[in-house]
Amino acid sequence: MQHKKKTLYLFIIAQCSVMGFFLLILVLSLLRLNDVRKVLGDITSSSIPTLSQATEITREVQHLISLTARLTSSESQSTRRIVKTQLDETIERLDSSNLKLEQGDKYLATQLNVLTLEIEELNALVRQRIDVEKEVRVEREVLFTYLNNIFEDNKSQYVGIQSSQTLVPLILQIAQINQQFQLHELRKLEDSIEESIASLREATSLDKRSSELVRALEEGVLGKWGMIDKQANVMRIRGRSRGRGSFVEHLAEEVASNIEFRASSITKDTSSYALSANQAVSKQVTLSLALSLIVMIICCAIIFYIYKRIILRLIALTNLVEKNSDEVASFEGSDEISRLAKTFALYFERVKSQEAELIRLSLSDPLTNIPNRRAFEMEMEKVIAMSKRYEWPLTVIILDVDSFKLYNDNYGHPKGDECLKAVAIGLNEVITRNTDFCARYGGEEFVAILPNIDEKGAKVKAEEIRDAIESLGIEHSKSTVSPVITASLGVATVNFVNHHNWTLTSILNTADRALYDAKTGGRNRCVFSSLP
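Along each chain, the written sequence defines residue order, and numbers are assigned to residues from 1. Where totals are concerned, whole chains, interfaces and linings use all residues; where local detail is concerned, this predicted model gives features only for residues with pLDDT of at least 70, and gives and counts side-chain atom pairs only at 80 or more. Working from all heavy atoms in the structure, the side-chain values ignore hydrogens and water.

**Thoughts on the side chain of Asn372**
In step 1: As for its position among the elements, Asn372 is in the loop between α9 (336-363) and α10 (373-390).
In step 2: For the exposure calls, accessible area comes from a 1.4 Å probe over protein chains only, and a residue counts as buried if that area is under 20% of its type's maximum, exposed if over 50%, partly exposed in between. Residue class for Asn372 comes out buried when judged on its relative accessible area of 14%.
In step 3: Definition of a polar contact: a pair of N or O atoms within 3.5 Å, with one able to donate and the other able to accept a hydrogen when the atoms are protein atoms, and with sequence-neighbouring residues admitted only if both atoms are side-chain atoms. Among the polar contacts listed, one links the side chain of Asn372 to the backbone nitrogen of Arg374, at a separation of 3.3 Å.
In step 4: Engagement of the side chain of Asn372 in a polar contact is seen with the backbone nitrogen of Ala375, the distance being 3.0 Å. A run of H or I in DSSP counts as a helix once it spans at least four residues, and a run of E counts as a strand once it spans at least two, with each numbered from the N terminus.

**Observations regarding the pairing of strand β1 (residues 393-401)**
In step 1: Taking burial as the measure, the 9 residues of β1 include 9 buried ones, the bulk of the element.
In step 2: By the alternation rule, side chains of β1 split into Pro393, Thr395, Ile397, Leu399 and Val401 and Leu394, Val396, Ile398 and Asp400, which are all buried.
In step 3: Strand pairing follows a simple DSSP-based rule, namely that at least 2 bridges must link the two strands. Both β1 and strand β4 (residues 487-495) contribute to a ladder of 9 bridges, which runs antiparallel. In the sheet register, Ile397 faces β4, and the bridge partner there is Val491.
In step 4: Sheet analysis places β1 next to strand β3 (residues 445-451), joined by 7 bridges and oriented antiparallel. Bridge assignment links Leu394 to a residue of β3, and that residue is Pro451.

**Examining the pattern of salt bridges**
In step 1: Take a side-chain nitrogen of Lys or Arg and a carboxyl oxygen of Asp or Glu: if they are within 4 Å of each other, that pair is a salt bridge. This structure, assessed with the given rule, holds 12 salt bridges.
In step 2: In this structure, Asp409 engages Lys405 in a salt bridge whose closest nitrogen and oxygen atoms are separated by 3.2 Å. Within this pair, Asp409 and its partner Lys405 are both found in helix α11 (residues 404-411), separated by 4 residues, close to a single helical turn.
In step 3: Among the residues examined, Lys405 registers a relative accessible area of 60% and is labelled exposed.
In step 4: Salt bridges sharing partners connect three or more residues here, namely Lys84, Asp88 and Glu120.

**Thoughts on the confidence of the model for the protein**
In step 1: A residue's pLDDT is the confidence the predictor assigns to it, expressed on a 0 to 100 scale. Residues with a pLDDT of 70 or more make up 86% of the protein, whose mean pLDDT is 79.
In step 2: Contacts are residue-level and defined by heavy atoms, with any inter-residue pair within 4.5 Å sufficient. Throughout residues 99-104 the model reports pLDDT below 50, and contacts reaching past four residues in sequence, or to other chains, amount to 12 contacts.

**Observations concerning the packing of α10 against helix α14 (residues 504-520)**
In step 1: Orientation is described by lines fitted to C-alpha atoms, with helices fitted over the stretch in contact, and by angles between N-to-C directions that extend from 0 to 180 degrees. Running from N to C, α10 and α14 cross one another at 110 degrees; their axes reach a closest spacing of 10 Å. Here α10 is positioned roughly perpendicular relative to α14, judged by the angle of their axes. For the crossing formed where α10 meets α14, the hand is right-handed. For the pair α10 and α14, the contacting residues are Phe376, Glu377, Met380, Glu381 and Ile384 in the first and Leu504, Ile507 and Leu508 in the second.
In step 2: In the contact of α10 with α14, the residues fall into 6 nonpolar, no polar and 2 charged. Here is the rule for angles: anything less than 35 degrees is roughly parallel, anything more than 145 is roughly antiparallel, 65 through 115 is roughly perpendicular, and the remaining ranges are oblique. Left-handed is the label given to a crossing in which the near helix is rotated counterclockwise from the far helix by less than a right angle, and right-handed is the label when the rotation is clockwise. Classification convention: Asp, Glu, Lys, Arg as charged; Ala, Val, Leu, Ile, Met, Phe, Trp, Tyr, Cys, Pro as nonpolar; all other residues, Gly among them, as polar.

**Regarding the pairing of β3**
In step 1: Burial of β3 is extensive: 7 of the 7 residues sit out of reach of the surface.
In step 2: With burial as the criterion, each face of β3 is covered, one bearing Glu445, Val447, Ile449 and Pro451 and the other bearing Phe446, Ala448 and Leu450.
In step 3: Counted between consecutive antiparallel strands, the loop separating strand β2 (residues 437-442) from β3 contains 2 residues, among which Gly443 sits at a positive phi close to 60 degrees.

**Points about the packing of aromatic side chains**
In step 1: Only rings of Phe, Tyr and Trp enter the pairing, Trp through its six-membered ring, and a pair is recorded when the two centres are within 6.5 Å. The plane angle decides the type: under 30 degrees is stacked, over 60 is edge-to-face, the rest tilted. Under the criterion given, the structure shown has 4 aromatic pairs.
In step 2: Residues Phe404 and Tyr407 carry aromatic rings whose centres are separated by 6.2 Å and whose planes lie at 15 degrees to one another, so their mutual orientation is stacked. Of this pair, Phe404 and Tyr407 are both found in helix α11, 3 residues apart, which corresponds to roughly one turn of the helix. No difference in accessibility class separates Phe404 from Tyr407, as the two residues are buried.
In step 3: Ring pairing ties together the aromatic residues Phe404, Tyr407 and Tyr411, which thus form one cluster.

Shown next as structure tokens:
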């Protein structure tokens, strides 16, 4: 049984292998997809928001740098206040950011605190610068207004100074004070103004009032906290504010650079993470393709095996079964198909045995166990054909048990059946050749076929049959012929040398007429009829 189930086990193993490979591919694919899902989840939930926030912070920092430059260059308190408000809002937005990059949030908070302090100091410097510049501007306007009034009114007490040729250049030099942005240039201008005032003081035509005006002018321009000192102070404050503004800008740029560096680090890590995931997916695809190829090869092998080992053999077995060939019994193999072939062979054997039994029963008389009329007719067809072919003589004998009806009526049907059986046995004992044939023709009539026996041989054989039946000694008290069972025989011998047109019907009719003559002639005798 184990050997016979070899094909089944082979198919189970192959199918399990295919299913195992498919499950392996599925599990590996699911695992790899889960890794990809994790990567995408990390990128979506962490990296992208972080990079987006880093970009937002960088944009705010750049805006902060721009506002710092505007604050540094502010020329009015209103402009300064507006820019300062915008700076405070930007710092607040940066301070409320939720950016988390390792320890970057703490470092960013520290930098923002420093930026806030520096911006406050810058704002104070700018406010101071604007106030000083305004003060200098106001004093200059007062001075020039006063001088303008002196010259326009042509006051007599300033006639001396009005006529001086040095005054106009001096006024022009004083007007240049606010236009100086370099300290050494301011000092040169200061020296030139001193020389001009000295030249103006040395003028011989100056009166007392003009001299006082020159001293006041000298004090307002060159004295302590005069226009020169205030312009120098403005220049110092402006330089400090510019330096502070540059420091704030550099500090903001450092924050931006730090954010960009950390964003770049995150981008690099994310790219590396995604690249490793991509490589893993590529390996998974390659592995899946390899496993799929193996599965395809296994499937092709199974298909080829099925075609070669099963389908072709089933086709061959089907052809043998359809042809009812004896080769089914010797069908090659030791699997289920060969077992099926053996089953078919056993079935054919049983069918043939049953068919032979059915043929035997259909051609045999159930009472006497000798061939019946149908078998006789089939045998006659064959014998007539052979006699025609070889031009043999053919003898047919029809035997009838004398007064058998009276025997049945007197002894009963069971005795009648026994009588017929005994007659059949006696007939078989006389018909001994393999080519001879005897059968029950119907009722109490029997027939015999004697191929290749002429009239002489037919007479001898017929008398032997009649004598053998009489010799049975079966009592028949009602017989009008003999106290024992006897038989009448009609014998017909035909010759196929000159004529080949003798048929079963014509031969039987001839033998039947001879039997009739035997019965009407006194029974228990043989009557012969010969046909040319």
